[in-house]
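Overview (structure and organization)
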Amino acid sequence: MSMLTRRKLLHLPVVTSAGVLAGQAEWMPLLGFVPQEPDRWVKTVCRYCGTGCGVYVGVRTAPAGARAVAIKGDPQNHNRGFLCVKGAKLIEILDAPSRLKHPLIRKDGRLVRASWQEAMELVAARFREAISRHGPDSVAFYGSGQALTEETYVANKLFRAGIGTNNVDGNPRLCMASAAGGYTTAFGKDEPMGCYEDLDHADVFLIVGSNMAEAHPVLWMRILNRKEKNPAAKIIVIDPRRTRTAAWADLHLACRPGMDLSILNAMAHVIVKEGLADEEFLRKHAVFGQGTETNRTWEDYRRFLEAYTPERAAADSGCRAEDIVTAARWFGARGREAMSLWTMGVNQRTQGVWLNNLIMNLSLITGKIGRPGSTPFSLTGQPNACGGVRDGGALAHLLPYGRLVANPQHRAEMEKLWGLPPGRLSPNPGLSAVDLFQALESGEVKCLYVMCTNPGQSLPNANRYRKAMASPDTFLVVADAFHPTRTTELADVVLPAALWVEKEGVYGCSERRYQLLEKAVDPPGEARPDLEILLELGRRLGHENLLPFRNAADVWEEILRVCRGTAYDFSGMTRERLREAHGLLWPLPAQGHPGTKRRYVRGEDPLVPPDHPEPILFYGRPDGRAVVWMRDQKAPNEQADTEYPLILNTGRVLEHWHTATMTGSVPSLKATRLEAVAEMHPADMKRLGLADGDTVRISSRRGSRELTVKENENGREGSVFIHFHDPGRLVNELTIDAYDPVSREPEFKIAAVKVEKVAR
Ligand code: SF4
């Protein structure tokens with residue numbers, strides 16, 4: 001594959017036909033999709049991944065109302081005008097036949113059309129009944145990293161401050177909670193300290209458990225641009241599969257599933273042994289921790305690393321010891337900037353937080369942090385998982401902007417800001433995703449409001465929780481723009497929601513970049529923005545005084561007050577500034593402040609005092625130091641055995657996104673790789689007597705599923721890869737719901753399975 005450069009890409013024409021796009025099976029970014037010239041362009045943000053590409057939507061005014069007719073990348077935003085194949089086809093989701101245009105209520109087992117009045121009366125009545133009979137913790141909210149910040153904020157406030165429960169969680173628990181746990185345990189506060197611009201300066205990219213070329217293609221293009229400008233730059237990939245990303249790597253460590261902690265510790269072993277550690281940086285800026293204690297020493301850490309020789313890591317992981325040494329030398333080399341990037345292969349693990357710690361350790365022990373090109377940078381799956389849910393505090397243990405439910409001072413602050421009597425906020429953290437659905441199963445939670453997400457497809461061990469959602473003893477409300485989904489089909493009430501540019505609000509993506517999505521067109525039929533629906537629910541439950549908002553801009557005004565003075569301070573990010581800017585990075589504590597590319601860095605981050613004696617201050621922790629954690633290799637929850645001898649790994653493909661509710665409604669994308677197939681190594685297929693195209697039954701301890709098998713020598717022998725996008729073939733019936741003890745994020749990436757031939 002020849003290197004495709006940005007310079008060459010800039011000379012590609014804007015793609016204008018769906019046919020051309022359908023043929024784009026490579027990662028190659030595009031400039032847009034302009035089948036018709038619009039009357040005006042509206043500045044907004046891509047609806048899909050956490051890269052948060054800036055886009056313009058072209059709108060045509062017609063007697064029947066404005067219509068989105070074109071899309072192009074925003075050349076002034078970080079994506080420099082480029083979009084991946086999903087973003088370039090985004091406007092087609094608006095007119096999809098599966099758009100839901102009116103409320104539905106389940107009657108006699110069937111979902112039938114209802115009025116808004118009837119639907120909302122029923123929802124409010126069932127919530128009121130559950131709260132009065134069983135208490136506030138008998139109801140719950142399950143939100144999304146795709147909802148707008150203002151929507152998530154209002155849901156959070158309604159449930160915690162109004163109803164009185166911390167049962168507020170969401171789908172970022174399934175993808176980013178381990179990264180949040182990693183940053184919080186190492187730096188005291190969540191969110192990366194670096195920015196996308198670091199990709200232009202790094203000399204070494206360590207990519208762990210991420211197939212960026214397919215899942216974050218626009219950022220991947222930026223890495224390839226860097227490599228073109230600086231051919232000495234190295235790409236190291238740690239991943240069991242030879243993904244499209246790994247295929248470009250200078251060094252691919254194809255480790256055994258679950259054995260990457262050993263590799264990361266061995267890299268640290270080599271760095272320390274070969275004198276590549278920055279001991280002065282560590283003396284000034286780090287402490288050492290083990291378990292939950294942070295009172296260990298540099299000597300303790302060195303002793304801990306002694307066991308992790310490259311040879312031991314090689315035996316654990318199946319990689320070559322000399323490759324592990326090379327990776328460590330490249331990362332640790334003095335005078336070279338090094339950036340680590342990771343996502344679900346690290347986060348969706350029962351050791352997800354520990355893996356995050358070990359990746360961050362490499363930046364800390366080499367002092368490669370807080371400089372252009374040197375940073376530990378987690379990639380995000382959803383467009384507003386960072387801004388709306390992690391920052392906004394819409395996970396069960398959090399309160400807005402770095403505050404914790406378990407911290408009495410934080411609760412008191414929020415009670416004051418929300419005008420509540422002291423003691424009103426419950427001191428008990430709520431139920432996180434898997435626990436929440438288990439509580440639905442046990443009857444502890446009676447009513448669940450799901451907004452903008454599809455847990456009927458995306459939860460691990462899906463059959464178990466689908467039964468709980470469908471149970472006549474539970475009351476499930478789903479607000480969604482599409483129907484049917486694998487969740488709306490289980491609901492008691494489905495509320496039609498506006499989608500993307502049919503409403504206004506803020507998204508916050510991976511690099512602390514907040515951006516305003518402007519409204520461009522009206523929602524179809526009777527669909528309404530989630531914000532309106534939540535405000536009506538709040539009124540019907542008697543909490544209108546807590547929610548005095550007319551629109552999203554009013555909510556944003558309150559959010560600016562709530563974040564002020566915190567480590568997330570973006571109180572200078574007014575609506576007007578967001579409207580004009582092409583993304584703003586927090587901290588941004590005053591209107592005149594330009595935003596912060598690199599957090600914790602004196603002279604860049606306004607929260608570091610200008611007279612601080614050192615160039616770095618990790619102010620997220622009271623001692624101003626980050627923690628280098630000692631974390632041992634631990635086996636995943638399930639391993640291959642005689643009964644289930646293969647390891648299932650799930651993931652993504654370029655053309656689809658999450659549960660494909662949106663990409664599956666775009667004809668050219670639907671036609672490309674939506675069907676889930678079981679990709680297997682040729683040696684395994686030979687052993688099992690399988691041929692390409694055979695139907696196989698894949699079974700785990702939780703369920704079975706019949707799929708077509710496809711030979712793919714890029715996987716490791718002993719493993720099966722299946723993407724999780726296909727709503728007709730739920731791979732999550734097989735995945736495991738065991739979760740990381742700190743982040744409570746499930747181990748989607750590793751489950752033991754067996755494969756049997758059904759038919760040729
Ligand atoms: S890389 Fe992500 S944000 Fe950018 S266009 Fe593609 S899906 Fe959208």
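What you see is a predicted model, and the numbers here were worked out from it, not measured in a lab. (Residues numbered from 1 in each chain as written. Predicted model: local features only at pLDDT ≥ 70, side-chain atom pairs only at ≥ 80, totals over all residues. Heavy atoms only, no water.)

**A short note on the domain arrangement of the protein chain**
- Domain boundaries assigned for the protein chain yield domain 1 (6-93), domain 2 (104-170 + 384-549), domain 3 (177-378) and domain 4 (646-759).
- Just the C-alpha atoms count here: the centres of domain 1 and domain 3 sit 34 Å apart.
- Taken together, the contact between domain 1 and domain 3 spans 18 residues of the former and 17 residues of the latter.
- Connecting domain 1 to domain 3 are 1 salt bridge. (Domains from an automatic or database assignment. Contact = heavy atoms within 4.5 Å. Salt bridge = Lys/Arg side-chain N within 4 Å of Asp/Glu carboxyl O.)

**A short note on the pairing of strand E18 (residues 447-451)**
- Most of E18 is tucked away, with 5 of its 5 residues classed as buried.
- Because side chains alternate across E18, one face comprises the buried residues Cys-447, Tyr-449 and Met-451, and the other comprises Leu-448 and Val-450, equally buried.
- Sheet topology note: the strand E7 (residues 139-143)/E18 ladder contains 4 bridges and is parallel. Each residue of the ladder has a partner; that of Val-139, found in E18, is Cys-447.
- Where E18 and strand E19 (residues 475-480) come together, 5 bridges link them in parallel fashion. Bridge assignment links Met-451 to a residue of E19, and that residue is Ala-479. (Buried < 20%, exposed > 50% of the residue type's maximum accessible area, 1.4 Å probe, protein only. Helix = DSSP H or I, 4+ residues; strand = E, 2+ residues; numbered from the N terminus. Pairing = 2+ DSSP bridges.)

**A look at the side chain of Asp-169**
- With respect to the helices and strands, the residue Asp-169 is situated in strand E8 (residues 168-170).
- A distance of 2.8 Å separates a polar atom in the side chain of Asp-169 from a polar atom in the side chain of Arg-173.
- Of note is the side chain of Asp-169, whose polar atom sits 3.0 Å from the backbone nitrogen of Ala-433.
- The contacts of Asp-169, once residues within four sequence positions are left out, are Phe-141, Tyr-142, Gly-143, Ala-394, Leu-395, Ala-396, Leu-431, Ser-432, Ala-433 and Leu-436. (Polar contact = N/O pair within 3.5 Å; in protein donor to acceptor, adjacent residues only side chain to side chain.)

**Observations concerning empty space enclosed by the protein**
- Tallying each qualifying case throughout the model produces 4 cavities of 30 Å³ or more.
- Of the volumes computed, that of the largest cavity is approximately 490 Å³.
- Lining the largest cavity are 39 residues, and of these Gln-146, Asn-171, Thr-453, Trp-657 and His-658 sit closest to its centre.
- For the lining of the largest cavity, the secondary structure elements donating two or more residues are helix H5 (172-175), E19 and strand E25 (646-651).
- Its residues assigned to classes, the lining of the largest cavity shows 20 nonpolar, 13 polar and 6 charged.
- Among the domains, domain 2 (104-170 + 384-549) and domain 4 (646-759) are the pair contributing at least three residues each to the lining of the largest cavity.
- Roughly 100 Å³ of internal volume is contained in the second largest cavity.
- Lining the second largest cavity we find 13 residues, and of these Cys-46, Cys-49, Cys-53, Cys-84 and Val-218 sit closest to its centre.
- Its residues placed into classes, the lining of the second largest cavity shows 8 nonpolar, 4 polar and 1 charged.
- When residues of the lining of the second largest cavity are sorted by domain, at least three fall in each of domain 1 (6-93) and domain 3 (177-378). (1 Å grid on protein atoms, 1.4 Å probe; cavity = no way out; pocket = protein on both sides within 12 Å on 5 of 7 lines; lining within 4 Å. Points joined across faces, edges and corners; volume = space filled by probe spheres on them. Nonpolar A, V, L, I, M, F, W, Y, C, P; charged D, E, K, R; others polar.)

**Considerations on the pattern of salt bridges**
- Overall, the coordinates contain 56 salt bridges when judged by the stated rule.
- A salt bridge links Arg-486 to Glu-489; its shortest N-O distance comes to 2.7 Å.
- According to the relative accessible area criterion, Glu-489 is partly exposed, its value standing at 30%.
- Arg-550 serves as the salt-bridge partner of Asp-554, at 2.8 Å between the closest nitrogen and oxygen.
- Given a relative accessible area of 16%, Asp-554 falls into the buried group.
- What makes Arg-550 exposed here is its relative accessible area of 71%.
- Here the residues in one salt-bridge network are Glu-150, Glu-504, Glu-518, Arg-575 and Arg-579, joined through shared partners.

**Remarks on helix H22 (residues 530-540)**
- Of all 11 residues in H22, 8 are buried, a share of seventy percent or more.
- Buried within H22 we find Asp-530, Leu-531, Ile-533, Leu-534, Leu-535, Glu-536, Leu-537 and Gly-538.

**Structural notes on helix H4 (residues 149-163)**
- Its 15 residues give H4 an end-to-end C-alpha distance of 20 Å, which sits within 8% of 21 Å, the value for a rise of 1.5 Å per residue.
- Counting buried residues along H4, 15 of its 15 residues qualify, which places the element largely inside the surrounding structure. (Expected span 1.5 Å × (residues − 1).)

**A word on the side chain of His-681**
- With respect to the helices and strands, the residue His-681 is situated in the loop between strand E26 (678-680) and helix H26 (682-687).
- Judged by relative accessible area, His-681 falls into the buried class, the value being 18%.
- Here His-681 is in contact with Asn-712, Glu-713, Gly-715, Arg-716, Glu-717 and Ser-719, once residues within four sequence places are set aside.

**Thoughts on the nonpolar core**
- Ranked by size, the top nonpolar core spans 132 residues in total, and within it Phe-127, Phe-187, Met-267, Tyr-301, Tyr-449, Leu-495 and Phe-570 carry the most contacts.
- If you tally residues by element for this core, the top one is helix H10 (residues 260-273), at 9 residues.
- If you count residues domain by domain, this core takes at least three from each of domain 2 (104-170 + 384-549) and domain 3 (177-378).
- Discounting residues that sit within four places of it in the chain, Leu-495 has contacts with Leu-100, Trp-116, Ala-119, Met-120, Tyr-449, Val-477, Val-478, Ala-479, Asp-480 and Ile-533.
- Val-57, Ala-88, Val-521 and Trp-657 belong to the second-largest nonpolar core, a separate cluster that totals 37 residues. (Core = buried A, V, L, I, M, F, W, Y, C linked by side-chain atoms within 4.5 Å.)

**Quick notes on the confidence of the model for the protein chain**
- Taken over all residues, the pLDDT of the protein chain has a mean of 95, while the share at 70 or more is 96%.
- Across residues 1-25, where pLDDT falls below 50, the model places 55 contacts with residues more than four positions away in sequence or in other chains. (pLDDT = per-residue confidence, 0-100.)

**Some details on the sheet that holds strand E9 (residues 204-208)**
- Taken in spatial order, the 5 strands make up an open sheet running E11-E10-E9-E14-E15, and their pairing is parallel. The open sheet terminates on both sides in strands that have one partner only, identified here as strand E11 (251-253) and strand E15 (375-378). Neighbour-to-neighbour, the strand axes of this sheet turn through a mean angle of 15 degrees, independent of strand direction.
- Relative to E11, strand E10 (residues 234-238) is paired through 3 bridges, and the arrangement is parallel. Opposite Ile-236, over in E11, you have Leu-251 as the bridge partner. (Axes fitted to C-alpha atoms, helices over the stretch in contact; angles between N-to-C directions.)

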